[in-house]
Amino acid sequence: MIQKSKHTLVDPQTGNLAFKLYTIQGNNPFDHIQRLNYYSLIWVQSAGVKLKANFSECDIEENTLLAFAPYQPFMLMTDGDLKARVIHFHPDFFCIHKHHKEVACHGVLFNNIYDPPALPLDQATVSIFNMQMDQMENELQSLDLAHYELMISYLKIFLITASRLKAKSQPEIINESSESDEPFVLQNLKDCIEEHYKSKHSASEYADLLAISTKALAKLTRRHFNKTLTDLISERIIIEAKRELYLTSKTVKEIAYELGYNDEYYFSRFFKKNAEVSPQVYRETVGFAKMMVG
């Protein structure tokens, strides 16, 4: 059974946070790089906030929803107080992949690593979100039957509301993330790359994981993505390497090791081949080193 405090559900078997809802009014808890092991929905309600995520900084308007997948690095910067309502939930509590067809938020709200994770809210959605979060908060404080199931339902409704708004404001995301004509094995491939890209770098390893021949998988990726399987794997590794170079002060050697490369020089050649500049040049022009100088 899930245990809870006033605004938190905890899985007693693992000790992991299952679900948490809280309000921030004052100090900013996200003022340093976050790599949380759960999904985070941060409704920023104050102005003057700057988001640093992926490879860029952007100003966040008042009433903007930010959505981050587990371990996605981000930080918020503000000169004043931060006002926000926050939902955290663990994949064990509600699995986005498993419920994708129900809530349609995978690739829309979460796990779209190429687009900003920010969604401006219109006034109608502000009212709806306040009502939905109030319902969750009330339920978190209750001891009624079917408590867990109702919390899941409230979360689903919230995610569907947010996904619909993003679909309306950015219809191209829905077109890009639509998987209706994509073979199931390719959906699994994307999940496998996301899970194993730090340890498995070859096409044959992913073919083995999916119980399909390397040649057959290569044909599918070429037909549906117009890319080789090696391209897909390399892209994901480079994205993470750029994040680390941009957001942290880790050495190239440390980053290489975390991404499964024991040879720093081999990794640097791999990075330059795929990013067209060396890791050091990338850092000096867009990353942590430039931030420190600035």
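Residues numbered from 1 in each chain as written. Predicted model: local features only at pLDDT ≥ 70, side-chain atom pairs only at ≥ 80, totals over all residues. Heavy atoms only, no water.

Right, let's talk about the overall build of the protein chain for a bit. Looking only at helices and strands, one finds 12 helices and 10 strands in the protein chain. For the protein chain, the proportion of its 294 residues judged to be buried stands at 46%. Relative to all contacts within the protein chain whose residues are 6 or more apart in sequence, the contacts with residues 24 or more apart total 70%. Accessible surface computed for the protein chain: about 15,300 Å², of which carbon and sulfur atoms make up 51%. (Helix = DSSP H or I, 4+ residues; strand = E, 2+ residues; numbered from the N terminus. Buried < 20%, exposed > 50% of the residue type's maximum accessible area, 1.4 Å probe, protein only. Contact = heavy atoms within 4.5 Å. Areas by Shrake-Rupley, 256 points an atom, 1.4 Å probe, with all protein chains shown as cover.)

Attention shifts here to the sheet that holds strand β6 (residues 56–60). Taken together, the three strands give an open sheet; going across it, the order is β6-β5-β8, and neighbouring strands pair in antiparallel fashion. Across the chains shown, the open sheet's two edge strands, defined by having one partner strand only, are β6 and β8 (74–78). Each strand of the sheet is rotated relative to its neighbour by a mean of 25°, with strand direction disregarded. Bridge analysis of strand β5 (residues 49–53) against β6 gives five bridges, and the strand direction is antiparallel. Bridged to leucine 51 within β6 is cysteine 58. (Pairing = 2+ DSSP bridges. Axes fitted to C-alpha atoms, helices over the stretch in contact; angles between N-to-C directions.)

Further remarks concern the packing of helix α5 (residues 184–196) against helix α7 (residues 214–225). Orientation of α5 relative to α7, taken along the N-to-C sense of each, is 95°, at an axis distance of 11 Å. The angle between the axes of α5 and α7 places the two elements in the roughly perpendicular class. Contacts from Val185, Leu186, Leu189 and Lys190 in α5 reach Leu217, Leu220, Thr221, His224 and Phe225 in α7. Looking at side-chain class alone, the contact of α5 with α7 contains six nonpolar, two polar and one charged residues. (Parallel < 35°, antiparallel > 145°, perpendicular 65-115°, else oblique. Nonpolar A, V, L, I, M, F, W, Y, C, P; charged D, E, K, R; others polar.)

Spanning 19 residues, helix α8 (residues 229–247) covers 28 Å between terminal C-alpha atoms, matching the ideal 27 Å at 1.5 Å per step. In terms of residue burial, α8 counts as a mostly covered element, since 15 of its 19 residues are buried. (Expected span 1.5 Å × (residues − 1).)

Fine structural detail should not be taken from predicted coordinates in areas where pLDDT scores are low. Per-residue confidence for the protein chain gives a mean pLDDT of 83; residues scoring 70 or more make up 83%. By mean pLDDT, the top-scoring element of the protein chain is helix α9 (residues 252–258) (96), and the lowest-scoring one is strand β1 (residues 3–4) (40). When the criterion is pLDDT under 50, residues 1–6 qualifies, and its contacts beyond four places in sequence or with other chains add up to 22 contacts. Throughout residues 176–180 the model reports pLDDT below 50, and contacts reaching past four residues in sequence, or to other chains, amount to six contacts. (pLDDT = per-residue confidence, 0-100.)

Right, let's talk about the pairing of strand β7 (residues 64–68) for a bit. Of all five residues making up β7, five are buried, and the element is well covered by its neighbours. Residues Thr64, Leu66 and Phe68 point to one face of β7 and Leu65 and Ala67 to the other, with burial holding for every one of them. As judged from the five bridges shared by strand β4 (residues 39–44) and β7, these two strands associate in the antiparallel manner. Among the inter-strand pairings, tryptophan 43 is bridged to a residue of β7, identified as leucine 65.

Next up on the list: the pattern of salt bridges. In this structure the tally under the stated criterion is 11 salt bridges. Linking glutamate 240 and arginine 35 is a salt bridge whose minimum nitrogen-to-oxygen distance equals 3.5 Å. Residue glutamate 240 is located in helix α8, and its partner arginine 35 is located in the loop between β3 (17–26) and β4; the two are separated by 205 residues in the primary sequence. Glutamate 240 sits in the buried class, given a relative accessible area of 3%. On the basis of relative accessible area, arginine 35 is assigned to the partly exposed category, the value being 30%. Put simply, lysine 227 and glutamate 235 hold a salt bridge, and the shortest N to O gap is 2.8 Å. For lysine 227, a relative accessible area of 28% puts it in the partly exposed group. Where salt bridges share partners, they join Arg35, Glu194, Arg236, Glu240, Arg243, Glu244, Lys250 and Glu258 into one cluster. (Salt bridge = Lys/Arg side-chain N within 4 Å of Asp/Glu carboxyl O.)

Ranked by size, the top nonpolar core spans 32 residues in total, and within it Phe19, Ile87, Phe89 and Phe93 carry the most contacts. Those elements that place two or more of their residues in this core are β3, β4, β7, β9 (82–89), α2 (123–140) and α3 (147–169). It is α3 that provides the largest number of residues to this core, a total of eight residues. Apart from residues lying up to four places away in sequence, isoleucine 87 is in contact with Phe19, Lys20, Leu21, Tyr39, Ser40, Leu41, Met133, Met136, Leu155 and Phe158. (Core = buried A, V, L, I, M, F, W, Y, C linked by side-chain atoms within 4.5 Å.)

Here we take up unusual backbone geometry. One non-glycine residue, asparagine 63, lies in positive phi territory at about 60°. Along the chain, asparagine 63 falls in the loop between β6 and β7. Positioned with a positive phi, glutamate 276 is a non-glycine residue whose angle comes to about 70°. Locating glutamate 276 in the fold gives a position in the loop between α10 (264–275) and α11 (279–286).

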